[in-house]
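# Commentary on secondary and tertiary structure
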Amino acid sequence: MLKKIFVLFLLTVTGVALWQSFRHAPFGENRVGDVENPETVSAFYLKHSPETLHTANSVTAIVVNFRGFDTLGEVTVLFLAATGLASILYRRKEDEEEEGGHLPVRVKLKSSTLVRTGAKILFPLILLLGIYVFVHGHLTPGGGFQGGAIIATGFLLMFITYKRFNVNHKIMVWLESLSGLAFVLIGLYGLVAYGSFLQNIPWTGRLNDLISGGLIPLIYIFIGIKVATELTNVLDTLMNTKPRKK
Amino acid sequence: MNSFQEVFIRYRELMEIAVYGVAILLIFIGLYAVLTKKHLVKVVIGLSIMDAGVNLLFVGVGYITNHTAPIFSPGYEDAADKMVDPVPQALVLTAIVIGFAVTALALSLVIRLYRHHKTANIEQLNSLRW
Amino acid sequence: MIFIVFLVIMAVILIAAAVYSVVQKDLLYAVLGTGVVSLVLSVFFYLLQAPDVAITEAAIGIALTTIIFIITIRNTTRDEDKYSEDLINRFKPEEDA
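As a convention, each chain's residues are numbered from 1 in the sequence order in which they are written. Each chain takes a letter, starting from A, and each ligand takes a number, starting from 1, following the order in which they are written. Thresholds applied to this predicted model are a pLDDT of at least 70 for local features of residues and 80 or more for the giving and counting of side-chain atom pairs; totals over whole chains, interfaces and linings are not thresholded and use all residues.

Next up on the list: the overall build of chain A. A count of helices and strands for chain A gives eight helices and zero strands. Traced from its N-terminal end to its C-terminal end, chain A shows the element sequence α-α-α-α-α-α-α-α. The reference for a compact globule is 2.2 Å times residues^0.38; the radius of gyration itself is calculated from the C-alpha atoms. Relative to the compact-globule value of 18 Å for 246 residues, chain A shows a C-alpha radius of gyration of 24 Å, a clear excess of over 25%. Strands are runs of DSSP state E lasting at least 2 residues, helices are runs of H or I lasting at least 4, and numbering of each runs from the N terminus.

Take a look at the structure:
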């Protein structure tokens, strides 16, 4: 009881401190400034995204081109989390039996005919939507992370519906590693040819074309493939985990 | 014109409470669950709610009244004066993915701890060896 | 005017779902409360003119976070007050009498 009162007092102090520190940033005030003569960082990015890079989605231009090194850090953190999860939990092979003599149960009941037929029809459509989202990342809202998560959700649908649906683990691991390597190699090409890591090539097309923005769509395609295979590996490891044999 | 200006000032304060207040309240609720609950999965649920609150606070700072999304569609190529701040959105994109990675790693540790100690109560896990 | 009405309604649903998922003792329902928080948050991001962030939160927060929580509950206990359970006998297929 005393502990709960102490926790509530601590939380009230934290809440009041946060509220008071946001007094100087009132909601809805224009903090970007003039775009023609930029004085803030946001105005600079909004001015150069359609003029120099010819990219329609300025959030994509910031994530991949202006702050591309942070995206490399994020891809590294995701890779470390997936590797850590795979090394902590053991994954059983496809036909192994559990102790007690009965087969390991992934889905207990057989799904109904409606669910099975619907999943078979929906799965290629979900894959198509995911690939569309990360290929058109520089024209419409979307990008590599969103497309990869949509593809992983499609694989999850098939894992839940069928008892014996399995993906080839080796192919997924190879695809993930090669995509990550391709991203780093593109950055190194910028370092060798132009003098700074992840520098964009000067041939950017017209605004709102499919092939525009230099290297931005290529980088997002590799990130999309990497995130999709990585999240599918995480789900596969979690669903097929088993306790260690003594 | 007095009542119109009054309505405008109260409108902005209501929107400020509706966005900043809700985000701070979410951080509050998540932190309470992390500090007080005993079951390990409840602690991770509190961590996930706290992530949501922080991301909402960030995007709320970057909003400008009566402006629109920062995408240059065909026909709106010189509307750069009326766009919302794009930098907080790029930062929150990274933060959401990293929050999911931290949750997945924490849950794998929970499963492993349960299998070894046969309990999910944090007050009974008192041996430091794995 | 309609914008402010939407914001207030979504804010109330958000706080109610967050309080529900912290207080509830049955862990499966608490996890579904976290899913509702992610869903309403995605609509909130769209109302604040950020469509990229809304798609990311919808794709990652609703489907993937909920499923990894459910797999964890399957491998540990379901009730918050019971801290240990016998896992082998829970998954045995039914025998014919």
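In terms of helices and strands, chain C carries three helices and zero strands. Along chain C, from the amino end to the carboxyl end, the secondary structure elements read α-α-α. The 97 residues of chain C split such that 37% are buried. Any residue pair is listed as a contact if its two C-beta atoms, each placed from the backbone, are within 7 Å. Of all intrachain contacts in chain C linking residues separated by at least 6 positions in sequence, the fraction that spans at least 24 positions is 52%. Exposure criterion: with C-beta atoms placed from backbone coordinates, a residue whose C-beta has 20 or more other C-beta atoms within 10 Å is buried, one with 12 or fewer is exposed, and one in between is partly exposed.

Residue and element names in this part refer to chain C. Helix α3 (residues 51-75) packs onto helix α2 (residues 27-47) with a crossing angle of 175° between their chain directions and a minimal axis gap of 8 Å. With respect to α3, the element α2 is oriented roughly antiparallel. In this structure, α2 contributes Leu-27, Leu-28, Val-31, Thr-34, Gly-35, Ser-38, Leu-39, Leu-41, Ser-42, Phe-45 and Tyr-46 to the contact, and α3 contributes Pro-51, Val-53, Ala-54, Glu-57, Ala-58, Gly-61, Ile-62, Thr-65, Thr-66, Phe-69, Ile-70 and Ile-73. The residue classification treats Ala, Val, Leu, Ile, Met, Phe, Trp, Tyr, Cys and Pro as nonpolar and Asp, Glu, Lys and Arg as charged. All others, Gly included, are polar. Tallied by class, the residues present in the contact of α2 with α3 amount to 15 nonpolar, seven polar and one charged. Fitting a line to C-alpha atoms yields each axis, with helices limited to the stretch in contact; the angle taken between N-to-C directions then spans 0 to 180 degrees. Throughout, the term roughly parallel applies to angles under 35 degrees, roughly antiparallel to angles over 145, roughly perpendicular to angles from 65 to 115, and oblique to all others.

Quick look at the interface of chain C and chain B now. It is common to give the size of an interface as the accessible area that goes away when the parts come together. At the interface, 40 residues of chain C touch 42 residues of chain B. Contributing elements (two or more residues each) for the side of chain C that touches chain B: α1 (2-23), α2 and α3 of chain C. At 13 residues, the largest contribution of residues to the side of chain C that touches chain B is made by α3 of chain C.

For the rest of this paragraph, the subject is the interface of chain A and chain B. Residue-level contacts link 43 residues of chain A with 41 residues of chain B. Sorting the residues of the side of chain A that touches chain B by element identifies α1 (2-21), α2 (41-51), α3 (58-66) and α4 (68-88) of chain A as the ones contributing at least two each. Sort the elements by how many residues they give to the side of chain A that touches chain B and α4 of chain A lands first, with eight residues. Across the side of chain A that touches chain B, the residue classes tally to 29 nonpolar, eight polar and six charged.

All names here are of chain C. On a scale of 0 to 100, pLDDT captures the predictor's confidence in every residue. Residues with a pLDDT of 70 or more make up 89% of chain C, whose mean pLDDT is 87. When mean pLDDT is taken per element in chain C, α2 scores highest with 95 and α1 scores lowest with 90. The complex model carries a pTM of 0.90, and its ipTM stands at 0.89.

All names here are of chain A. With respect to the helices and strands, the residue Ile-171 is situated in helix α7 (residues 169-194). Taking the C-beta count within 10 Å as the criterion, Ile-171 has 10 such neighbours and is therefore assigned exposed. A C-alpha to C-alpha distance of 9.3 Å links Ile-171 and Thr-229, two positions 58 residues apart in sequence.

Here the focus is the packing of α1 of chain C against α2 of chain C. All names here are of chain C. The contact between α1 and α2 brings their axes to 8 Å, and the two run at 160°. With respect to their mutual orientation, α1 and α2 come out roughly antiparallel. Judged by the twist between their axes, the crossing of α1 over α2 is left-handed. Packed against α1, whose contacting residues are Phe-6, Leu-7, Met-10, Ile-13, Leu-14, Ala-17, Ala-18, Tyr-20 and Ser-21, the element α2 presents Ala-30, Gly-33, Thr-34, Val-36, Val-37, Val-40, Leu-41, Val-43, Phe-44 and Leu-47 at the interface. Looking at the contact of α1 with α2 residue by residue, the classes come out as 16 nonpolar, three polar and no charged. For any helix crossing, the convention is left-handed if the near helix is rotated counterclockwise from the far helix by under a right angle, and right-handed if that rotation is clockwise.

Turning to unusual backbone geometry, a few remarks are in order. Negative phi characterises most residues that are not glycine, and trans characterises most peptide bonds. Despite not being glycine, His-54 of chain A has its phi angle at roughly 55°, a positive value. Along the chain, the position of His-54 of chain A falls in the loop between α2 and α3. You can call His-54 of chain A buried: it has 20 C-beta atoms within 10 Å. The residue Lys-118 of chain B is not glycine, and still its phi comes out positive at about 65°. With respect to the secondary-structure elements, Lys-118 of chain B resides in the segment after α3 (87-117). Given 13 C-beta atoms within 10 Å, Lys-118 of chain B falls into the partly exposed group.

Take α3 of chain C next. Compared with the 36 Å implied by 1.5 Å per residue over 25 residues, the 36 Å span of α3 of chain C between its first and last C-alpha is a close match. The angle between axes fitted to the seven-residue stretch ending at a residue and the seven-residue stretch beginning at it gives the bend at that residue. By the largest-angle criterion, Gly-61 of chain C marks the main kink of α3 of chain C, which is about 25°. Expected span of a helix, by definition, is 1.5 Å for each gap between consecutive residues, and there is one gap fewer than residues.

With 102 residues, the main nonpolar core has Ala-149 of chain A together with Ala-23, Leu-26 and Ile-49 of chain B as its most contacted residues. Top element by residues in this core is helix α1 (residues 2-36) of chain B. It accounts for 13 residues. Once residues within four sequence positions are removed from consideration, Ala-149 of chain A is found in contact with Val-227 and Leu-231 of chain A together with Ala-59, Ile-60 and Leu-64 of chain C. Think of a nonpolar core as buried Ala, Val, Leu, Ile, Met, Phe, Trp, Tyr and Cys residues, each tied to the set through C-beta atoms within 7 Å.

Here the focus is the environment of Thr-40 of chain A. With respect to the secondary-structure elements, Thr-40 of chain A resides in the loop between α1 and α2. Look past the residues within four positions of Thr-40 of chain A in its chain and what remains in contact with it is Val-32 and Gly-33 of chain A.

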